[in-house]
Amino acid sequence: MDLRENTATGAGRLGADLRFSFSMLRHPIDGFYYLKRGIFGSVASATVLYVAALAVFVIENTAQAFIFNGNPVSQSVPVLFILFLVCAVFWVVGNYMVSTINDGEGSLRELYVLTAYALTPYLLLTPIKVILTYGFTQNEAFFIHLLSYIAIVWSAVILYMGLMHMHNYTFWETLKNIILTLFIMVIALAAIAIVYLIWTQLVQFLTEVFTEVKYVV
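Note that the structure is predicted; figures quoted are calculated from it, not measured.

Q: How should I be thinking about the side chain of E60 in this particular structure?
A: Summarising the element assignment, E60 is placed in helix 3 (residues 43-62). Looking at E60, the relative accessible area reads 15%, which means it is buried. Among the polar contacts made by the side chain of E60, one reaches the side chain of Y122 at a distance of 2.6 Å. Those residues in contact with E60 that sit more than four places away from it in its chain are Y122, T126, K129, V130 and S148.

Q: It is not clear to me how helix 6 (residues 120-132) should be interpreted in this structure. Could you clarify?
A: In an α-helix, one full turn covers 3.6 residues, which means residues spaced three or four apart are oriented alike. Taking 1.5 Å per residue, 13 residues should reach 18 Å; helix 6 reaches 19 Å between its end C-alpha atoms and fits that length. Within the sequence span of helix 6, burial applies to T120, P121, Y122, L123, L125, T126, K129 and V130.

Q: Mind showing me how you'd approach unusual backbone geometry here?
A: Apart from glycine, the bulk of residues carry a negative phi angle, and the bulk of peptide bonds sit in the trans form. Although it is not a glycine, D103 adopts a positive phi angle of roughly 60°. Tracing the sequence through the fold places D103 in the loop between helix 4 (77-101) and helix 5 (108-118). Phi is positive for N168, which is not a glycine, with a value near 60°. Structurally, N168 is set in the loop between helix 7 (141-167) and helix 8 (171-216). Under the relative-accessibility criterion, N168 is labelled exposed at 53%.

Q: I would appreciate a short explanation of helix 7 in the present structure.
A: Taking 1.5 Å of rise per residue, the 27 residues of helix 7 would be expected to cover 39 Å, and the 39 Å separating its terminal C-alpha atoms lies within 8% of that figure. Just downstream of helix 7, N168 is the residue with a positive phi angle, here 60°.

Q: So what exactly am I meant to see when it comes to the pattern of salt bridges here?
A: Tallied over the entire structure, the rule returns 3 salt bridges. Residue R13 is joined to D17 by a salt bridge in which the shortest nitrogen-to-oxygen separation is 2.8 Å. Of this pair, R13 and D17 both sit in helix 1 (residues 10-26), separated by 4 residues, roughly a single helical turn. Classification of R13 as buried rests on a relative accessible area of 18%.

The rules we used
- Residues numbered from 1 in each chain as written.
- Predicted model: local features only at pLDDT ≥ 70, side-chain atom pairs only at ≥ 80, totals over all residues.
- Heavy atoms only, no water.
- Helix = DSSP H or I, 4+ residues; strand = E, 2+ residues; numbered from the N terminus.
- Buried < 20%, exposed > 50% of the residue type's maximum accessible area, 1.4 Å probe, protein only.
- Polar contact = N/O pair within 3.5 Å; in protein donor to acceptor, adjacent residues only side chain to side chain.
- Contact = heavy atoms within 4.5 Å.
- Expected span 1.5 Å × (residues − 1).
- Salt bridge = Lys/Arg side-chain N within 4 Å of Asp/Glu carboxyl O.

Written out as structure tokens, the structure is:
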């Protein structure tokens, strides 16, 4: 793909930005430069990649052959949908907050776009894995798991390298940034879970009180 400045607009620009995701796999360092400069990559193309990743995530947890599908929430599409969206939002916003405190140079838009493009290996390899589950048995499960590991590690490496370039961090500064982001995500999820439980208990209590009052009256 020609990596000269992308001057296309509209659908042409979107198509070029989506094709650029394949160039990120072959030339990630150059890709980070073009993403940061805004020559390739946009909020629109990143959103398309997020939607595709969400679809692949749901398919992975619902459409695999039964013997390879051990996910307890595999049949709950709404749960998978919410889980993906919450993790994506918390990651992007959390990383932006951490990088702002620690002198990171990446903007919220850049983090949003970078994370989407880092999902490209997952997008490409996971459908292949799902298809293979229908032709493999437990004896060949190693190859299914290996494909999953490759997809996850490849995406993680691209994201790690991208954060280093985006924030102008060292290796250890990037590791610290990721650990703090994950910590914030855990705290935020725990806080949401606590609020949800309290709200559920409150609603249940008010419902019981209302029922009791109605019965007495």
